[in-house]
Structures are given as C-alpha cells and as structure tokens.
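Spelled out, the chains give:
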Amino acid sequence: MTDDTPTETGTVCPLCGVGCRLRPGADESRARGVTAPPNPNGRLCGSGVGAFDVADERLTEPVVQDEGDRRVVSCEAAYDRVVERFEAVVDAHGPDALAFLGAPHCTNEENYLLQKLARTLGTNNVDNRARHCHSSTTRALSERLGYPATTNALGDLLEADVILVAGANPAERQPVAFNSFVRPAVNDGATLVHVDPVGNRTTRLADVHLAPRPDTDALVFDLLSAAVFERGGVDEAFVDRRTRGFEEFTAALESFDRERAAAVAGVDSEQIRHVGEAVASADRVAALVGTGVEGTDGRASAPEALLNLLLLTGNVGRRGTGLYVLRGLVNEQGATDAGCVPDRLPGHRPVTDDDARARIAAEWGIEPPSTPGRSASELLSSFGDSIHGALVVGENPAISKRDRKWIRQRLDALDVLVVLDLAPSATTRHADVVLPAAAGVEKAGTATNLERRVQRLRPGATTPGAARSDAAILASLGQRFFEEADEDHFEYAGIDEVFDELTRVAPAYEGLSFTEIGDEGQQWPSDDGVLYRETFATTDGLAAFGTTQPIEHSARRGGLELVTGGRSSEFYGNPRPDDCPLRIHPEDASERSIETGDAVVVSTGTAAVETSATLDSGTRRGTVYLHASVADPLLRDDTAAVTVRLTVPPVTMGG
Ligand code: SF4
C-alpha cells in the first residue's frame, strides 16, 4: 500500500478531539488554520499552531534486538522477524496468547487494520486506552440511547438556551470548540452552568458555578431532576412517546432525600433551584461532559443521572440539545468505531453477535472469534503469564499510572514485543522489534472527531528515513502473515480501500465514501448531525430511564480531596506551566500558612510530590487541584485524600 504524497490542502490537527483543520504555514513549523466545521473561523489554539513541531528525536530505521544486541535492519527483515516470532507464540500457546494495543491518536484505518490483524490471527485481544477515559459516559450512552458517541454536532450548541458543562474545562482543553460555539451561544443569551469542584477558565464565562464535592456530580443531576419535576418541567409528550421506565424513575425521585443529597454533595439548595428553573423553562438544553464526571469510587454514575435529566426534559434528538463527550485525543471516537475493542467489532457490534461476525466474514474471508478478548489493563497484567507476544502501536505502556518497575518487568517477560512508534520511548527500549512510524501530520487517512465527524487527513510533511504510516506497516505485516497461504486479506492499493472496507463492515459508517468525504468531513451515521431524531438505536427504539444514584460519599479522613486535570485523554503534549501549581482554597491555605508561590509537599502517606501553591477561591474548600502530570505518583497510590504542607516550615522568630 502506498502513502499519499504531501499536499497543502489541509489535514486534521492531531492534538485533540475537536479536529480542527490546518495546513503548514509559510514557516513550516507553524500551522495555519483552514476553515472547517470544527473551526469555522479557521482559528487554531496555541497547541494547534505547533502541530507540525513533531518530536525532536525520530525513529528512522527498523531495529531488532537479540539478547541485548540492537541492530538496524531492512523493513522486510523486521516484518519477517515479527511474523516468525508471532507464529512461534501461536504454535506454542494459541492465538489468545497475543495482544494488540492500538492508539486513539492513530487513524481510523490504522485502528481498523490493527483489529483486523488481531482477529484474522484468531484473537479478540485488541484494545485502545481511549475506551477507558469516558467509560461510564459511553456505556450509559450506548446502553440507553444506542451509540457510545456524542449526540449532536458542535454547531448545534449555538442554538442551545442552557449549556451544562460538567467535569470538564473546554475553555482550556477544547479551546477552539469553546470559543467557536459555547462562547457565542453565551454571548447570545444562553445560560452556562459549570459543574466542577474546581473553578477554571470555563467557570469565568459561566453564569452559575456549582462546585460539588468530588465524585458527587450524580447527586447534583438527581437534584436538578427533582427540581425540574417539582416545578412541572417534565416534557410529557417526549417522555410518553420516546422513553420507558419513567414511572420507576419518578418513584425513585419521590423518595429521594433532597436535603441529605444537597448536604452530601455540599451544594446550595437555592442554586440547585435556580438551575433547575433554568433547565425546566429552556426550550433547548445541551450538556458537555469530560473525564471529571467519571468518578473514582465506582458507586454513582453521573452520566446516568445526567441522561435522566435530559430525557425528563426532552432534550435529546433535536438541534441545540443532547450530550457531548469532550474527547481529548484526535481519534478517540474513531479508534472505538473501527473496532479496536476486545468485545466489539467495527461499528460497535458485539463479537458474540452471529450476524455481525458473518457480515465481517463475508468481507474478510475469515470469521472473527466469538469470545470477547481482554482489556488493555488485563492484557498488560498477563504479559509473560498467559500473554507471550504483543504488538503495540503508538503507545507507551511503560509510562503509566501503575508501578513502572512492575510494568517494565511485564514487558521484559514477553517472548516478543513489537512496537510501532515515531520516537524512542521507555517502551521501545524493551522491544524486540521497533518499526519507525509516521507522525499524525505526515499521514493519509481519516479521523473521527468528538462530534462523529469523519475527516480526511492529508500529509502536510514528509516522513523521515524508513518511517512509514502505521497503516502501511500493518498492511505489510498482514500480507506477510498470509503470504504462505496465498491469501490476500491485506492487499490494498491505497488507504481509500481500507476506509471503504470499514464502511462495508461497520453499519454506522455505511454510506460514507473516502472520495466523497471532502474537506468539510461527514458525520456518521448521516450528515444531519443529530442522532435519535425519530427513534433511539435500541432494540425497541425507546430510551430507558435509570434510577436515582445512591446518596453516599465516603469522607476522606485527615486530608484534602485531590482533583486532577489534564488526564491523558484531555491533553496532548506537555502541560502549560499555569496548569502545574497546586490550587488550593485561601482558607485551606491559611490553615497551613501557605501563600501563593510557596513550595509545598502534597502527600498520600506513601507517595509525595513537590510543587508550588496558588491560592484560588474558585477551588472548593476541602479540595485541591493538581495537573495529572505532576500528580502522577499520587494517582498510582490509588487514593484521593492528600495532605498538604509547606516544603520548608516557616521560621518562627524569638524565644
Ligand atoms: Fe488542535 Fe484541539 Fe487546538 Fe483545535 S482546539 S487547534 S484540534 S488542539
């Protein structure tokens, strides 16, 4: 398969899920925006301007390692080595001893080819980490409405009367979308409600800031549903025609202890009444959620409660309404759409579905296995145990929240580790075969942004040395695996053929065509932009109400509650310096004699980090905020309670 040649007609920014279009500027290291639906003014944020500034140190030659001896080889020799070692694993242990890890910053075609390679070799052990970033939200959307995806187009936000943003900071993380759609809507009179324990740049534009205790967003949404119900704001026609389970939900709401819920969440009942009134009286309400609503204690589901609120008020299936998943990486949506998931085939169909497997078999000539595979974290835990060979595309599992020494031992315990990446990493150091890959701005193909818009990528820079796109490498590997059997499952003349195959096997992508996507992109399943106008994609076409969430919240003793931002799914590259200080409420700071700029130690008891402090009255009392890149050692300790003290205690004068 050949890669496209570089062109200047624009590609997709590889840095976040908004998917702004851009092209190289006069100074080639700086990008220029190209007007497109996600960035209708042709603007880019500061990160996007640097999109062509790819890693300083690139991998340019394939490398194989034999007992510590690393040597450069040809691409063909490297592919032969991969095939030989993987076949040895399959012969000795069966195909489920292999693992395939894809990446949310790789294209649709790359994720599609990776899962096809895994499944044609006989295993569903294929995953991508983006699946875990918004897991409660996408699960709730999938189970109750039909698709694990944002319901509306970004442009629809301009028509919203109320915009709820929860557990997210789009003003900073998705700035072009925020400034192109949320800000103009607010300037035009929409009410912006920000639900987050920590105030941030999004809060500055908000009419109301609800700052619940961490992990209690679900109670806030249940309180809002109760307020809407009390005020008579239920959209009865919508509820009757489009939903089921309303009676059970209203019964749960009637016995919901609002006073206690407000006390546990630490929110002001008057503010709840005010927002409930705004939601009940609005014609169109849209909600935007980030990873902050995912929670850490696993007991309550904020997305479930938020969906109840939207269904209760008929705010799904129309312009200006719906639920937006603020995905952080460029192709988080597409990686899952393409089937880079252990229990779902391309298009979100379960691997256990006989018809879905038959549809794939008709296209591939090989039926995928019917037993669900294991998740990325389960696979990693099994490296060297039941997993003996792994192919890792554009990921760096050696850097993760988990114990790094343990992960490196797991990587070394494999019989064979193959890594495709554009730059040396902690993981490539452990690899038996390293294949140099292209950067996002050097690739052809498609990516699907956070509003389900499939957009064309066109190379805006050349790939160095022997580096190739992951798609080209995976297709070459696939050809080699089936060469001896004389089967052509991976013969593609160009990347367009891979995309068109995806549209034939993934029902959601049906009707899309690589050549017709154009520069505007096209949303799946149709270009209307609004999902569920007439019916939900559930078995009976109705959306199900859930119940209210449990009113409980474990008090974390002896400390402050840590909220982190800038998780891997929310930000690409290095955090900006102003993300890094510990943000702490002035009264919490005063109790500890901390002032802005002071060096502080943040500790869980077994892990500690040093940083500086910033006093911030927008941060909820009893809560502190730290960027995940700084908080990482604390997160590995799996606790949300921390103590904060000055690094150097203040000197006391006198006797
Ligand atoms: Fe790139 Fe996201 Fe910035 Fe747009 S908002 S330019 S996609 S980083």
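Rules used in this analysis
Position numbers for residues start from 1 in each chain and track the written sequence from start to end. In view of the model being predicted, local features appear only for residues whose pLDDT reaches at least 70, and side-chain atom pairs are presented and counted only at 80 or more, with totals across whole chains, interfaces and linings using the full set of residues. Working from all heavy atoms in the structure, the side-chain values ignore hydrogens and water. Secondary structure counts use DSSP, requiring at least four H or I residues in a row for a helix and at least two E residues in a row for a strand, with both numbered from the N terminus. Radius of gyration means the value over C-alpha atoms here, while the globule rule gives 2.2 Å times the residue count to the 0.38 power. The rule is simple: take the accessible area with a 1.4 Å probe, protein chains only, and divide by the maximum for that residue type; under 20% is buried, over 50% is exposed, in between is partly exposed. Accessible surface is estimated by sampling points in the Shrake-Rupley manner with a 1.4 Å probe; for residues, cover comes only from the protein chains shown. Neither His nor the chain ends contribute to the count of charged residues, in which Lys and Arg are positive and Asp and Glu negative. Every charge is mapped onto a representative atom, which is NZ of Lys, CZ of Arg, CG of Asp or CD of Glu. At least two DSSP bridges between two strands are needed for those strands to be called paired. Note on geometry: axes are C-alpha line fits, over the in-contact stretch for helices, and angles between N-to-C directions span 0 to 180 degrees. Note on definitions: salt bridges are taken to be side-chain nitrogens of Lys or Arg within 4 Å of carboxyl oxygens of Asp or Glu. Contacts between residues were defined by any pair of non-hydrogen atoms, one from each residue, lying within 4.5 Å. The criterion for an aromatic pair is that two Phe, Tyr or Trp rings (for Trp, the six-membered ring) have centres within 6.5 Å, with stacked assigned to planes under 30 degrees apart, edge-to-face to planes over 60 apart and tilted to the rest. Convention used here: angles under 35 degrees read as roughly parallel, angles over 145 as roughly antiparallel, angles from 65 to 115 as roughly perpendicular, and any remaining angle as oblique. The handedness criterion is simple: a crossing whose near helix is rotated anticlockwise from the far helix by less than a right angle is left-handed, and one whose near helix is rotated clockwise is right-handed. To form a nonpolar core, buried Ala, Val, Leu, Ile, Met, Phe, Trp, Tyr and Cys residues must be joined to one another through side-chain atoms within 4.5 Å. Being near a molecule or strand, for a residue, means having at least one of its heavy atoms within 4 Å of it. Following the grouping adopted for this structure description, the nonpolar residues are Ala, Val, Leu, Ile, Met, Phe, Trp, Tyr, Cys and Pro, the charged ones are Asp, Glu, Lys and Arg, and the polar ones are all others, Gly among them. A patch consists of residues whose relative accessible area exceeds 30% and which take part in no salt bridge; residues with like charges are grouped when within 9 Å of each other, and nonpolar side chains (Val, Leu, Ile, Met, Phe, Trp, Tyr) when within 5 Å.

Once that is clear, we can look at the overall build of the protein. Broken down by element type, the protein carries 21 helices and 28 strands. Relative to the compact-globule value of 26 Å for 655 residues, the protein shows a C-alpha radius of gyration of 25 Å, a close match. Taken along the three principal axes of its C-alpha coordinates, the protein extends 75 × 70 × 50 Å. Within the protein, buried positions represent 61% of all 655 residues. When the accessible surface of the protein is summed, it comes to about 24700 Å², and 45% of that surface belongs to carbon and sulfur atoms. Between the centroid of the 64 positive side chains of the protein and the centroid of its 100 negative side chains there is a distance of 4 Å.

Take the sheet that holds strand β12 (residues 285–289) next. Pairing in this open sheet of five strands is parallel, and the strands run β10-β9-β8-β12-β13 from one edge to the other. In the strand order of this sheet, the two ends are held by β10 (208–210) and β13 (322–325), each with one partner. With direction set aside, neighbouring strand axes in the sheet form an average angle of 20 degrees. Bridge count for strand β8 (residues 162–166) against strand β9 (residues 191–195) is five bridges, and the pairing is parallel. Following the sheet pairing, V165 is matched in β9 by H194.

Enumeration according to the criterion identifies 32 salt bridges in this entry. With a shortest N-O distance of 2.6 Å, R144 and E304 are connected by a salt bridge. Here R144, found in helix α4 (residues 135–144), pairs with E304, found in helix α13 (residues 302–312); they are 160 residues apart in sequence, far enough to count as distant. Put simply, R319 and D156 hold a salt bridge, and the shortest N to O gap is 2.8 Å. Placement of the pair is R319 in the loop between α13 and β13 and D156 in the loop between α4 and β8, with a sequence separation of 163 residues. The class of R319 is partly exposed, set by a relative accessible area of 27%. Each of E587, D588, E591, R592 and R621 takes part in a single network of salt bridges with overlapping partners.

Within the fold, N108 resides in helix α3 (residues 108–120). For the pair N108 and G445, spaced 337 residues apart in sequence, the C-alpha separation works out to 7.2 Å. Every residue in contact with N108, bar those within four places of it in the chain, is listed here: N331, G334, A335, A338, T446, A447, T448, V454, L502 and Y509.

Our next topic: the packing of aromatic side chains. What the rule picks out here adds up to twelve aromatic pairs. Here F246 and F545 contribute two aromatic rings whose centre-to-centre distance is 5.6 Å and whose plane-to-plane angle is 55 degrees, an arrangement assigned as tilted. Highlighted residues: F246 in helix α10 (residues 246–254) and F545 in the loop between β22 (543–544) and β23 (560–565), separated in sequence by 299 residues. Here F246 matches F545 in class, with each residue buried.

Note that S225 resides in helix α8 (residues 217–231). Among the residues examined, S225 registers a relative accessible area of 0% and is labelled buried. S225 has contacts with F249, L253, N308, L309 and L312, leaving out every residue within four places of it along the chain.

Attention now moves to the pairing of strand β17 (residues 416–421). Most of β17 is tucked away, with six of its six residues classed as buried. Burial along β17 is two-sided: the face carrying V416, V418 and L420 and the face carrying L417, V419 and D421 are both buried. Bridging between strand β16 (residues 389–393) and β17 involves five bridges; their strand directions are parallel. Looking across to β17, one finds that G389 is bridged to V416. Where β17 lies against strand β18 (residues 433–436), four bridges are found, and the strand directions are parallel. Residue V418 lies in a different strand from β18, and its bridge partner there is V433.

As a packed pair, α4 and α13 sit with axes 9 Å apart at the nearest point and diverge in direction by 45 degrees. In terms of orientation, α4 and α13 fall into the oblique class. Once α4 is placed against α13, the crossing between them reads as right-handed. Contact residues: α4 offers S136, T137, A140, L141 and R144, while α13 offers P303, E304, L307, N308 and L311.

Attention now goes to the nonpolar core. Among the nonpolar cores identified, the biggest contains 119 residues, and F86, F100, L145, L391, V418 and Y509 are the most heavily contacted of them. Of the residues forming this core, the biggest block, nine residues, is contributed by α8. The contacts of F100, once residues within four sequence positions are left out, are F86, L114, L117, A118, L121, T123, N125, V126, D127 and L391. With 35 residues, the next largest nonpolar core counts A51, I163, V182 and Y324 among its residues.

Time to look at the site of the ligand. Taken together, C13, L15, C16, G19, C20, L44, C45, G48, P175 and V176 make up the full set of residues near the ligand. A per-class count over the shell around the ligand returns eight nonpolar, two polar and no charged.

For the rest of this paragraph, the subject is the pairing of strand β5 (residues 69–72). Pairing analysis gives four bridges linking strand β4 (residues 63–66) to β5, with the strands arranged antiparallel. What sits directly across from V63, in β5, is V72. The antiparallel hairpin formed by β4 and β5 contains two residues in its connecting segment, where E67 sits at a positive phi of about 45 degrees.

Attention shifts here to a negative patch on the surface. Together, E84, E87, D91, E483, E484, D486, E487, D488 and E491 give the surface a local cluster of negative charge. Broken down by element, the residue count for the negative patch peaks at three residues, all from helix α2 (residues 75–93). Summarising the element assignment, E484 is placed in the loop between α18 (470–483) and α19 (495–505). Residue E484 is classed as exposed on the basis of its relative accessible area of 82%.

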